[in-house]
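One letter stands for each residue in the lines below.
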Amino acid sequence: MSGDWDGNGATSVGFYRYSDASWHLMNQLGGAASDITFSFGPVGDTSVQPVVGDWDGDGKDTVGFYVPSNASWHLASSNSQSATSTAFVWGTPANSNVRAVAGDWNADGKDTVGWYLQSNASWHLASANSPSASSLAFTNGPVGDTSVEAIAGDWDGNGGDSVGWYKPSNASFHLTNTNGNTGTSDIAYSFGPTGNSAIVPVSGDWDGKVAPPPPSTGLPTSPTAQQVVDYARSYKGQTVYQVDETTAAPWHGYRGDWCAWFATWAMRNATGGKEYTWVADMRKLGTEVSSPRVGDVVIFGNDQHVGIVSQNVNGIWYVVDGNGLSTGTSGDWTTTKVAERPIWSQAHDFIRINY
């Protein structure tokens, strides 16, 4: 299987062993021992189908499994021995033609489950991880071909996942960019050894976010607080696409507010290259202090928003934030822009960065 186990924006691999229901996950691509190992599931049940997804929208993937005999799903809260699970029944019990999948079907930052029925090439994608979930149902694939394996991924980088299928006989992948597409695949090609029924297809964003080059003004290898502020300020009025044109989803596919991503991106040479999607993670960058200075991180409310303290004007502190100016829907990555504005009265914390 594959997933973003540590929330760094890049996918890596793992495997599930039926005999002891053990999971073995790696945080990087390369030959090494597993970074995470734990047991979760029914020991010795070879009918179980493992699935992976970001069930709670925290930027990290966790595991789960589908039991065909009773059409039950069991989604882990964490990748650990002590994980609790969300358990529910959804699907067609005792149907050996079902293949379980998971993905972010509506691009809301959370993954939900789905299944592919080989007998009629139908897909059923759940709107929520619950027994009462509605579903999107459509057909795409070769009817009655029980060799076909189902996959899902964000093939076009638009932040939402769509389906695809793999045919072992000719090692062909058939990917569609729109869920509900009953026509031919948008992308079709062959990759891998043909005729090998032991192959298990996986998908992922293997290289993660590609770091863009700095602007012409540059950012020193070891910048001062003022240099970081000036660097962030140079992007005022720009959307996320203008800030980082090297990728369509620089905050790792998350379609909501991008304040944490922009702040850590602007500070990357001062923080060892760390880039975060979630505000809560910004606390990892330094130590909480009671009063600010230029270059500190300011966190608003209950980890709701974040920016970089930029200046003090007549006793009023200002902040540069990644999605501080909106010309459309709040949080929309095509209309929200970098802004510099006074720190407002909402309760906030300051994190001191070691420049």
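This text goes with the structure placed above it.
**Topic: the sheet that holds strand E14 (residues 162-167)**
Now for step 1: Pairing is antiparallel in the open sheet, where four strands are placed in the order E13-E14-E15-E16. Because the sheet does not close on itself, it has two edges, and the strands there are strand E13 (149-153) and strand E16 (187-190). With strand direction ignored, the average angle separating the axes of adjacent strands in the sheet is 20°.
Now for step 2: In the sheet, E14 pairs with strand E15 (residues 172-175) via four bridges, with the strands oriented antiparallel. Bridged to Gly-164 within E15 is Leu-175.

**Examining the sheet that holds strand E5 (residues 49-53)**
Now for step 1: Read from one edge of the open sheet, four strands run E5-E6-E7-E8, paired in antiparallel fashion. Across the chains shown, the open sheet's two edge strands, defined by having one partner strand only, are E5 and strand E8 (85-89). Strand-to-strand twist across the sheet, computed as the mean angle between neighbouring axes with direction ignored, equals 20°.
Now for step 2: Of the strand pairs in this sheet, strand E6 (residues 62-67) and strand E7 (residues 72-76) are connected by four bridges, and their pairing is antiparallel. If you follow Gly-64 over to E7, its bridge partner there is Leu-75.

**With respect to the nonpolar core**
Now for step 1: Core analysis: the largest hydrophobic core is formed by 29 residues, its most contacted members being Phe-262, Trp-265, Met-282, Val-297, Val-306 and Ile-308.
Now for step 2: Looking at this core, the elements that each hand over two or more residues are helix H1 (225-233), helix H2 (240-243), helix H3 (259-266), strand E18 (297-300) and strand E19 (305-313).
Now for step 3: Here this core takes seven residues from H3, the largest share from any one element.

**Considerations on H1**
Now for step 1: Among the residues making up H1, those that are buried are Ala-225, Val-228, Val-229, Tyr-231 and Ala-232. Projected down its long axis, H1 carries its buried residues within an arc of 160°, all on one side.

**Observations regarding unusual backbone geometry**
Now for step 1: The phi dihedral of Ala-121 is positive, around 55°, even though this residue is not glycine.
Now for step 2: Relative to the helices and strands, Ala-121 resides in the loop between strand E10 (112-117) and strand E11 (122-126).
Now for step 3: The residue Asp-303 is not glycine, and still its phi comes out positive at about 55°.
Now for step 4: With respect to the element layout, Asp-303 can be found in the loop between E18 and E19.

**Here we look at the packing of aromatic side chains**
Now for step 1: Tallied over the entire structure, the rule returns 15 aromatic pairs.
Now for step 2: The interplanar angle of 10° and the centroid separation of 6.4 Å between the aromatic rings of Trp-23 and Phe-38 together place this pair among those described as stacked. One end of the pair, Trp-23, is in strand E3 (residues 22-25); the other, Phe-38, is in strand E4 (residues 36-39), and 15 residues separate them in sequence. Across the pair, Phe-38 and Trp-23 agree in class, each one buried.

Procedures and definitions
Residues numbered from 1 in each chain as written. Predicted model: local features only at pLDDT ≥ 70, side-chain atom pairs only at ≥ 80, totals over all residues. Heavy atoms only, no water. Pairing = 2+ DSSP bridges. Helix = DSSP H or I, 4+ residues; strand = E, 2+ residues; numbered from the N terminus. Axes fitted to C-alpha atoms, helices over the stretch in contact; angles between N-to-C directions. Core = buried A, V, L, I, M, F, W, Y, C linked by side-chain atoms within 4.5 Å. Buried < 20%, exposed > 50% of the residue type's maximum accessible area, 1.4 Å probe, protein only. Arc of directions from axis to C-beta. Phe/Tyr/Trp six-rings, centres within 6.5 Å; stacked < 30°, edge-to-face > 60°.

The values are spatial; any link to function lies outside them.
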